[in-house]
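# Descriptive analysis of the structure
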Amino acid sequence: MNITQRSPNPAPKTQGFHEQLQARSIAAQQQCLSLPNNAGTQLIFAAATSLELQCIPVLRHPDETLNLLDATSLPGMPRARCMGIREHRWHIGTQESVIRHRSGLRTLDPLHSWAQLATQRTLEELIIIGDAVATTLAKNNTPLSKELTQQLRATQAELQSQTAQHRFQFNLQ
C-alpha cells in the first residue's frame, strides 16, 4: 500500500478533552432530569455534579459512587431527599449562589460547588479543581470571574499597602 493511500480501517477518532467534558455534562444532565417525579428540576445540584454540569473537570475517586448525584439544600429550604441523591447541607449558600443551567436545572455556582468538595478531597485535588474552576470562569468571561478579579485586585492592593507600611515602620526603627 502506498503511504498516501488511506487505510481501509482508519483508527477510531479519540475524543478530545473538551468533547469528554461535554459528554460527561450531557450524561450528568440526563441523569438529573431522569430523577423520579421531576425532582431534578426542584433540586439544587451541588459539588461534583454541579461542576460536571458546568463542564468543569472533576477528579472522581474509584470508590465514589457514580450513580449518586450531589444535591444540596440552603438554609430555610427543605432537605434534598430523593432516590439517587447524596445530600449536602450548605449553610453558607444563598439564593445568589444558585444559578440556572441551560437545561433548566438549578446548580450551585462553581465556587460554592468547589468549596463543598473541601471535606471530600485532598488539598492537592482541591488546588487542581480550583484551577479548573478559575480557568473556566475566566474563559467564559462570566460576571462571577469579573467580581472575583476585582476582589483579587483589591486584596493585592491591600497586601501591597500593608507591605509598604511594614517597610516604612522598619525603616523608622
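When its secondary structure is counted, the protein chain shows six helices and five strands. N-terminal to C-terminal, the α/β element order of the protein chain is α-α-β-α-β-β-β-β-α-α-α. The buried share among the 173 residues of the protein chain stands at 33%. At a minimum sequence separation of 6, the contacts of the protein chain that also span at least 24 residues come to 56%.

Tallied over the entire structure, the rule returns two salt bridges. For Arg24, the salt bridge goes to Glu52, with nearest N and O atoms at 2.9 Å. Residue Arg24 is found in helix 1 (residues 17-33), and its partner Glu52 is found in helix 3 (residues 47-53); the two are separated by 28 residues along the sequence. With relative accessibility at 34%, the residue Arg24 sits in the partly exposed group.

Now for the side chain of Ser73. Position of Ser73 among the secondary structure elements: in strand 2 (residues 69-73). When its relative accessible area of 1% is taken as the criterion, Ser73 is described as buried. Within the structure, Ser73 has its side chain in polar contact with the side chain of Glu87 (distance 3.4 Å). Once residues within four sequence positions are removed from consideration, Ser73 is found in contact with Pro78, Arg79, Ala80, Glu87, His88, Arg89 and Trp90.

Right, let's get into helix 1. Between the first and last C-alpha of helix 1 there are 24 Å, a value that for 17 residues agrees with the 24 Å anticipated at 1.5 Å per step. Along helix 1, the residues classified as buried are Leu21, Ser25, Ala28 and Cys32. Seen from one end, helix 1 has its buried residues packed into an arc of 65°, which puts them on one side.

So, about the sheet that holds strand 4 (residues 98-100). Taken in spatial order, the five strands make up an open sheet running 3-2-1-5-4, and their pairing is mixed. In this open sheet, the two edge strands, each paired with only one partner strand, are strand 3 (85-89) and strand 4. Here two bridges tie strand 1 (residues 44-45) to strand 5 (residues 106-108), and the two strands are oriented parallel to one another. Considered in strand 5, the bridge of Ile44 is made with Arg106.

Moving on, we get to helix 5 (residues 123-140). Here helix 5 spans 26 Å end to end across 18 residues, near enough to the 26 Å set by a 1.5 Å rise per residue. The complete set of buried residues in helix 5 reads Glu125, Leu126, Ile129, Gly130, Ala132, Val133, Thr136 and Leu137. All buried residues of helix 5 fall inside an arc of 160° around its axis, so they share one side. Away from its buried face, by an angle of more than 90 degrees, helix 5 presents the exposed residues Leu123, Glu124, Ile127, Ala138 and Lys139. With its phi angle positive at about 50°, Asn141 sits one or two positions after the end of helix 5.

The subject of this paragraph is the confidence of the model for the protein chain. For the protein chain, per-residue confidence averages 78 on the pLDDT scale, and 70% of positions sit at 70 or higher. Within the protein chain, the element-level pLDDT minimum falls on helix 2 (residues 39-42), averaging 64, and the maximum on helix 3, averaging 94. Note that pLDDT drops below 50 for residues 1-7; the model gives that stretch three contacts with residues more than four away or on any other chain.

Tracing the chain through its elements places His88 in strand 3. Classification of His88 by relative accessible area gives buried; the value is 11%. In this view, His88 contacts Ala47, Asp70, Ala71, Thr72, Ser73, Gln116 and Gln120; residues no more than four positions away in its chain are not counted.

The rules behind these values
- Residues numbered from 1 in each chain as written.
- Predicted model: local features only at pLDDT ≥ 70, side-chain atom pairs only at ≥ 80, totals over all residues.
- Heavy atoms only, no water.
- Helix = DSSP H or I, 4+ residues; strand = E, 2+ residues; numbered from the N terminus.
- Buried < 20%, exposed > 50% of the residue type's maximum accessible area, 1.4 Å probe, protein only.
- Contact = heavy atoms within 4.5 Å.
- Salt bridge = Lys/Arg side-chain N within 4 Å of Asp/Glu carboxyl O.
- Polar contact = N/O pair within 3.5 Å; in protein donor to acceptor, adjacent residues only side chain to side chain.
- Expected span 1.5 Å × (residues − 1).
- Arc of directions from axis to C-beta.
- Pairing = 2+ DSSP bridges.
- pLDDT = per-residue confidence, 0-100.

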